[in-house]
2 protein chains.
Amino acid sequence: MPASTGLRARVRAELTAEIKDEARRQLAESGASGLSLRAITRALGMASSGIYRYFPSRDDLLTALIVDAYDSLGTVAEEADARCTRDDFGSRWAAVGRAIRGWARSHPQEYALVYGSPVPGYRAPQDTIGPASRVTSVLAGIVNEASREGALRVGLTPPGLPPLPAHVAAEARRLAEVAFPGTPDETVIRAIEAWTQLFGMVSFELFGHLEGVITDPAPIFDRALLEMGTHVGLPAPRTGTPSSGPAIPFPESGVG
Amino acid sequence: MPASTGLRARVRAELTAEIKDEARRQLAESGASGLSLRAITRALGMASSGIYRYFPSRDDLLTALIVDAYDSLGTVAEEADARCTRDDFGSRWAAVGRAIRGWARSHPQEYALVYGSPVPGYRAPQDTIGPASRVTSVLAGIVNEASREGALRVGLTPPGLPPLPAHVAAEARRLAEVAFPGTPDETVIRAIEAWTQLFGMVSFELFGHLEGVITDPAPIFDRALLEMGTHVGLPAPRTGTPSSGPAIPFPESGVG
DNA sequence: GCCAAATCAAGAGCAGTGCTCATCTATTGA
DNA sequence: TCAATAGATGAGCACTGCTCTTGATTTGGC
């Protein structure tokens, strides 16, 4: 018995983890609203009322799962980025995009939990905004570093298009201050567009809106990644055309 | 007593409509999983078991609401398109995009129902794919007509980018046959990108992922619409810069 | 080592849910 | 007119989240 405050605290931490693990298992096979506190306690062999000492309500459990999901996705994105050659910005963008899609496909219910419709009557607490920003930071970081090293193509607005309206430019400047230091307004706006495009496509695929429209989303997704990277001014990947892995099959293997 | 089969059938249709109306009301204030059949019957003053003669299960009611939502959104998109000058393709694209966002903002729970995470344990039946395709058809129709009338800018892939990979081109050709007759492969793929970008941005706004990132989404959304229209080769709107209406406020007013 | 205080486990219970079923009534078509 | 059918009803089942009381354990200060 090393730590005085150890025994009880450790068994509590263990049970908390077990509850979350079982919750994740049920989430994976029944979805968010199929998650039942009583079923969890039943699987763990404890009394149904006992779980409330660990998670004061169902929403609190859900929040914990959301935080974990954001963290899991954030880690995957960061690792994918870290695996790339630092100044190959096009490849980094593509790699992170593919990592996000891969994580979403191997954790569909957790993806739905964080990027689907907000759970009814549930308002995201402050705890989630920290972990939520990790993925976004990775994507923004690529654009920022490319900008800092002069690898970004600028002057993006084509001749036929009007320049950024005042409201848009103002928003871009505000955003540049907090997340895109030294990046041109046009680039900031296009980064937002690419960001929403990326998650829009993943969500459409995961939520079934590509069914009957696109037979194999992987190559389309890769092409979109390439074109959106170009759209924000990133250079093309050096290592040739990126690939989202196997064509049709993409079981539970994905990233951890 | 005019029609022999009339009285009973009409009162049944009326009650069915009343149930859906009450369901929509509850949906708007409690979300999809807050929808309770018993609460509906309570509000309608009928026995709780009576509702099952009109909707055999909760999922069937949900399906009916989904179909109605798709139809409502489809109508709004078609009307917005119809209001535009036929050969002003840039304006049509922008108008339909803004109509979609407007409908989503005034029917957030119904939008979440159809474009959010699929409700747990619920698989979309065939009934939904027809109405679901209406919005998509409007968007595709704009690109198609522009293509047919030679208003589409082609040769979109910039010098630095590789041409469409074989898999992507094949998918584009397949899609062109069913939805984009005579439209170049590059355009088809970019239309898919613009489509997912549009709904990606609306979903991010509706589901709170723009919170703390973008203060006023309307101008950004308009700019994205403009740039994505250009991305697929549509000409710029003739009527100047489009506007998504009032800056911040956007209450329940929207489209019906 | 003792003992009050805090923590935890357990079970009963409440109000709510979707859904089924037997029963009774009202409408229908022949 | 009358059997067949559709509709309305209330009881009941199994489930849910959550509360509260009761009793057993572990803790930290003395």
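Going by the structure above, here's the rest.
Summarised in this report is the structure supplied together with it. Keep in mind that what you see is a predicted model, and the values were worked out from it rather than measured.

### Things to note about the packing of aromatic side chains
In step 1: This model, assessed by the stated rule, comprises 14 aromatic pairs over all chains.
In step 2: Consider the rings of Tyr111(A) and Phe207(A), whose centres lie 6.1 Å apart with planes at 55°: the pair is tilted. Residue Tyr111(A) is located in helix H5 (residues 108-115), and its partner Phe207(A) is located in the loop between helix H8 (185-206) and helix H9 (217-232); the two are separated by 96 residues in the primary sequence. As far as the burial class goes, Tyr111(A) and Phe207(A) line up, both buried.
In step 3: Arranged with centres 4.6 Å apart and planes meeting at 35°, the rings of Tyr115(A) and Phe199(A) form a pair that is tilted. On the criterion of sequence distance, the pair formed by Tyr115(A) in helix H5 and Phe199(A) in helix H8 is long-range, its members being 84 residues apart. Neither residue differs from the other here; Tyr115(A) and Phe199(A) are each classed as buried.
In step 4: Each member of the aromatic cluster is reached from another via a ring pair, and the members are Tyr70(A), Tyr111(A), Tyr115(A), Trp195(A), Phe199(A), Phe207(A) and Phe204(B).
In step 5: A cation over an aromatic ring shows up here: Arg101(A) above the ring of Phe221(A), its NZ or CZ 5.5 Å from the ring centre.

### Here's the deal with the relation of the copies chain A and chain B
In step 1: Least-squares fitting of chain A to chain B yields an RMSD of 0.0 Å, with the superposition described by an axial translation of 0.0 Å and a rotation of 180°. Seen this way, the second copy is the image of the first under a two-fold rotation axis.
In step 2: In this assembly, 100% of the residues forming the interface of chain A have copies in chain B that are likewise at the interface, indicating an isologous arrangement.

### Remarks on the protein's contact with DNA strand C
In step 1: Within the structure, DNA strand C sits among 22 residues, and Ser49(A), Leu37(B), Arg38(B), Arg42(B) and Arg58(B) are positioned closest to it.
In step 2: A share of 56% of the atoms of DNA strand C within 4 Å of the protein falls on sugar and phosphate groups.
In step 3: Within the side chain of Tyr54(A), an N or O atom sits 3.1 Å from a phosphate oxygen of DNA strand C.
In step 4: Looking at the surface near DNA strand C, the elements that each hand over two or more residues are helix H1 (7-30) of chain A together with helix H1 (6-30) and helix H2 (37-44) of chain B.

### Looking at the protein's contact with DNA strand D
In step 1: Lining the immediate environment of DNA strand D, one finds 22 residues, of which Leu37(A), Arg38(A), Arg42(A), Arg58(A) and Ser49(B) sit closest.
In step 2: Among all atoms of DNA strand D positioned within 4 Å of the protein, those belonging to sugar or phosphate total 52%.
In step 3: Take Leu37(A): an N or O atom from its main chain is 2.6 Å from a phosphate oxygen of DNA strand D.
In step 4: One nitrogen or oxygen atom from the side chain of Arg38(B) is found 3.4 Å from a base oxygen belonging to DNA strand D.
In step 5: Sorting the residues of the surface near DNA strand D by element identifies H1 and helix H2 (37-44) of chain A together with H1 of chain B as the ones contributing at least two each.

### Structural notes on the interface of chain A and chain B
In step 1: Contacts between the two partners involve 55 residues from chain A, matched on the other side by 55 residues from chain B.
In step 2: Carbon and sulfur atoms make up 68% of the area that chain A and chain B hide from each other, which totals about 4600 Å².
In step 3: When the buried area of chain A at its contact with chain B is split by residue, Phe204(A), Arg223(A) and Glu227(A) rank highest and sum to 14% of it.
In step 4: Between the two partners, chain A and chain B, sit 23 residue pairs in polar contact (both at pLDDT 80 or more).
In step 5: Broken down by secondary-structure element, the contributors of at least two residues to the side of chain A that touches chain B are H5, helix H7 (166-178), H8 and H9 of chain A.
In step 6: Residue composition of the side of chain A that touches chain B, by class: 30 nonpolar, 18 polar and 7 charged.

### A few points about helix H8 (residues 185-206) of chain B
Residues and elements named next belong to chain B.
In step 1: The end-to-end C-alpha separation of H8 is 32 Å, in line with the 32 Å expected for 22 residues at 1.5 Å each.
In step 2: Along H8, 20 of the 22 residues are buried, which leaves the element largely enclosed by surrounding structure.
In step 3: Remark: Gly 208 follows H8 within two positions and exhibits a positive phi of approximately 90°.

The rules behind each value
- Residues numbered from 1 in each chain as written.
- Chains lettered and ligands numbered in written order.
- Predicted model: local features only at pLDDT ≥ 70, side-chain atom pairs only at ≥ 80, totals over all residues.
- Heavy atoms only, no water.
- Phe/Tyr/Trp six-rings, centres within 6.5 Å; stacked < 30°, edge-to-face > 60°.
- Helix = DSSP H or I, 4+ residues; strand = E, 2+ residues; numbered from the N terminus.
- Buried < 20%, exposed > 50% of the residue type's maximum accessible area, 1.4 Å probe, protein only.
- Lys NZ or Arg CZ within 6 Å of the ring centre and 35° of its normal.
- Least-squares fit on C-alpha atoms with pLDDT ≥ 70 in both.
- Contact = heavy atoms within 4.5 Å.
- Near = heavy atom within 4 Å.
- Polar contact = N/O pair within 3.5 Å; in protein donor to acceptor, adjacent residues only side chain to side chain.
- Buried area = accessible area lost by both parts, 1.4 Å probe.
- Nonpolar A, V, L, I, M, F, W, Y, C, P; charged D, E, K, R; others polar.
- Expected span 1.5 Å × (residues − 1).

Keep in mind these numbers describe shape, not what the thing actually does.
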